[in-house]
Amino acid sequence: MNDTTSTAVSPVPASAAPVRDEGLGEITRRTFWEANERHALGIGFIVFVLLLWEVIPHILTLSRGMDLFFTTPTQVAMTLYNMFASGEIWPAFKFSAVAFSVGLGLSIVAALPLGVIIGRSHTMNAMLDPFITAFNATPRLVFLPIILVWFGIGMWSVVVVVFIGAVFPLLINTYAGVRNADRLLINVVRSFGASEWQINKLVILPNSMPFIIAGLRLAIGRAILGIVVAEFFGGSSEGIGVMMNDAAGKFQVDIVFAGLVIFMALSLVMVGGVKVLEARLSRWRPENVKSF
Amino acid sequence: MNDFVYKWRNPIFGSVSVVLFFLGWEALLTWAIPLNPFIMSKPSLIFEGLWLEMQSGQLWSDLLISGQPFIFGFGAAIVVGIFVGTMMGWRARVGYALDPLLTALYASPLVAIAPLVIIFFGVGVSGKAILIFVLCVFPFVFNTYAGVKSVDRLLVNVVRSLGGNERDIYLKVIVPSVLPFIIAGARYAIGRALVGILVGEFFAATAGIGYRIAWFSDMFELSRMFGYILVMMVVAVLFTEGIRWAERAAFPWRVGM
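Residues numbered from 1 in each chain as written. Chains lettered and ligands numbered in written order. Predicted model: local features only at pLDDT ≥ 70, side-chain atom pairs only at ≥ 80, totals over all residues. Heavy atoms only, no water.

A. Structural view of the overall build of chain A. Along chain A, the regular secondary structure elements total 13 helices and 0 strands. For chain A, long-range pairs separated by at least 24 residues make up 73% of all intrachain contacts whose partners lie at least 6 apart in sequence. Entry remark: accessible area of chain A is about 16100 Å², with carbon and sulfur atoms responsible for 67%. (Helix = DSSP H or I, 4+ residues; strand = E, 2+ residues; numbered from the N terminus. Contact = heavy atoms within 4.5 Å. Areas by Shrake-Rupley, 256 points an atom, 1.4 Å probe, with all protein chains shown as cover.)

B. Seen up close, the interface of chain B and chain A. Counting from both sides, the interface comprises 60 residues of chain B and, opposite them, 57 residues of chain A. Approximately 5400 Å² of surface area, both sides summed, lies buried where chain B meets chain A, with 78% of it carried by carbon and sulfur atoms. Per-residue buried area on chain B facing chain A is highest for Y96, P109 and R153 of chain B; these three make up 13% of the total on that side. The tally of links between chain B and chain A comes to 1 salt bridge. Two residues, E37 of chain A and R93 of chain B, come together in a salt bridge whose shortest N-O distance is 2.3 Å. (Buried area = accessible area lost by both parts, 1.4 Å probe. Salt bridge = Lys/Arg side-chain N within 4 Å of Asp/Glu carboxyl O.)

C. Local environment of the packing of aromatic side chains. All names here are of chain B. Inspection of the entire model under this criterion finds 22 aromatic pairs over all chains. Here F21 and F22 contribute two aromatic rings whose centre-to-centre distance is 5.5 Å and whose plane-to-plane angle is 70°, an arrangement assigned as edge-to-face. By relative accessible area, F21 is classed as partly exposed at 41%. With a centroid separation of 5.9 Å and an interplanar angle of 80°, the aromatic rings of W25 and F226 are classed as edge-to-face. With a gap of 201 residues between them, W25 in helix 2 (residues 9-32) and F226 in helix 11 (residues 222-250) connect regions that are remote in the sequence. Assigned by exposure class, W25 and F226 land together as buried. Taking the ring centre of Y145 as reference, the NZ or CZ of K149 above it sits at 4.5 Å. (Phe/Tyr/Trp six-rings, centres within 6.5 Å; stacked < 30°, edge-to-face > 60°. Buried < 20%, exposed > 50% of the residue type's maximum accessible area, 1.4 Å probe, protein only. Lys NZ or Arg CZ within 6 Å of the ring centre and 35° of its normal.)

D. Highlighting the environment of M232 of chain B. Residue and element names in this part refer to chain B. By the secondary structure assignment, M232 is in helix 11. Classification of M232 as buried rests on a relative accessible area of 5%. The spacing of M232 and L198 is 34 residues in sequence and 9.9 Å in space, taken between C-alpha atoms.

E. Geometry of the environment of I132 of chain A. Residue and element names in this part refer to chain A. You can see I132 is positioned in helix 6 (residues 122-137). Sequence spacing of I132 and S121 is 11 residues, and the spatial spacing of their C-alpha atoms is 15 Å. Sequence-distant contacts of I132, that is, excluding residues within four places in its chain, are made with I118, F168, L171 and I172.

F. Broad picture of the nonpolar core. Counting residues in hydrophobic clusters, the biggest one holds 119 residues, and the most contacted among them are L141 and M244 of chain A together with V199 of chain B. Sort the elements by how many residues they give to this core and helix 9 (residues 166-203) of chain B lands first, with 15 residues. Core analysis: the next-biggest nonpolar cluster, separate from the first, contains 9 residues, V116, I186, V189 and I204 of chain A among them. (Core = buried A, V, L, I, M, F, W, Y, C linked by side-chain atoms within 4.5 Å.)

G. The side chain of S157 of chain A, seen in detail. Residues and elements named next belong to chain A. Examined against the element boundaries, S157 turns out to sit in helix 8 (residues 155-180). The class for S157 is buried, based on a relative accessible area of 0%. Look past the residues within four positions of S157 in its chain and what remains in contact with it is I147, L148, F151, G152 and G235.

Okay, here's the thing in structure tokens:
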């Protein structure tokens, strides 16, 4: 913890205030390397890891057994390209995407009203809290066998797994957002004769939006996890998870990694999208509240 | 009396609603709907089955078997995660280099490599321990990283000015300010570790909590399956609420992080 942590917060000495021009001059004088060091190191390290992975089979002779389980980034990229070029990925992709969207959509529809209700009513909160805590703490995967018994093998089982994964982060965050709403604003709106519905629409929802969006970000991760595990453990007979599981059984390791890359890309894209949405929806908000 | 009710309102309402839930479930399947044991069970049968599993010692041996890879994987995740996180926070360049790669890995559903891990490392303790390690290490890395970055430089300087040595700086400033982050990371990691146990045991196992749940469901022994699900829920709640309680007790100044 010596002098290398440029990221650590250090209090600016009072005497530094008048020489602000000098500071600005410093910024323009930064070299290209200094300005881009962060990204260069980050991307460089990823490239380095991929290269290392690529050259391992060329410098080490793998035993025949290991050879079966090994793949290289170029092979994964080729497989990925072929899957998209030949179009064989699309039915599986479509299945997983539909299950994801329906499950996430249902969880949003269920979580927002319920979150507002338990946020506004102490009684409902006290009564539902044990169930929410218990279900949120337990990995939802534990319910997969019973979901298969109830909903059968197919789309609906996957949708239900996605739903129970995504609904709790949304519910808990909506609740937290509603509880965080300014009492004063609620009282003002009520004094002006607003109905409960109008209070929810005018005060509660805009106030809890950052919380809900943060919950959505968590929920997307959980939903993708739900797709993977539900499809792995016999929740359906098609989908990207099924494709990966079959491939693992046949030692087609490149297909497994191709599937992982697809899921990784999807979650990064969607989380990025949510961040953009977050920035858009909270443009009107004062800066200190924005960074929830 | 009224004060008492007001103070304990949440626990009272909570336990009443849990009891009502189980009573309602029991009543519904006893009087209203005929019980079909192939798709549903009821609390009396579940608790009876659980009692039998406890008496025969089956439950305890399953818990022990599931606990083993959990301890190894989680322990390794703590050690490696804290080490990597500290390096990332301590040396800015290490942080820059590792952050994007680890973020991408953290965001991706790593459970998807479970079949490969099982193929590589076998169906025994080691395969599951490695799976748990892979899932749990990221919360520790990122929380330690955030914790080390947020150490107040002013406090370090104050301790130094007042004549404290390196040991004082570590024990009085750095550890107390990083520890809450690590504990919060442990809370996330516990949930992921439980997922790891279940995935590992659903895939390939001959005993353990997850294995039993899958097996009872295949046998249509739903009462016993629900019993084991309840055990899993109790374990999960004990872990997460235990950590939350420890957080409140040890760091009362940063509740709600």
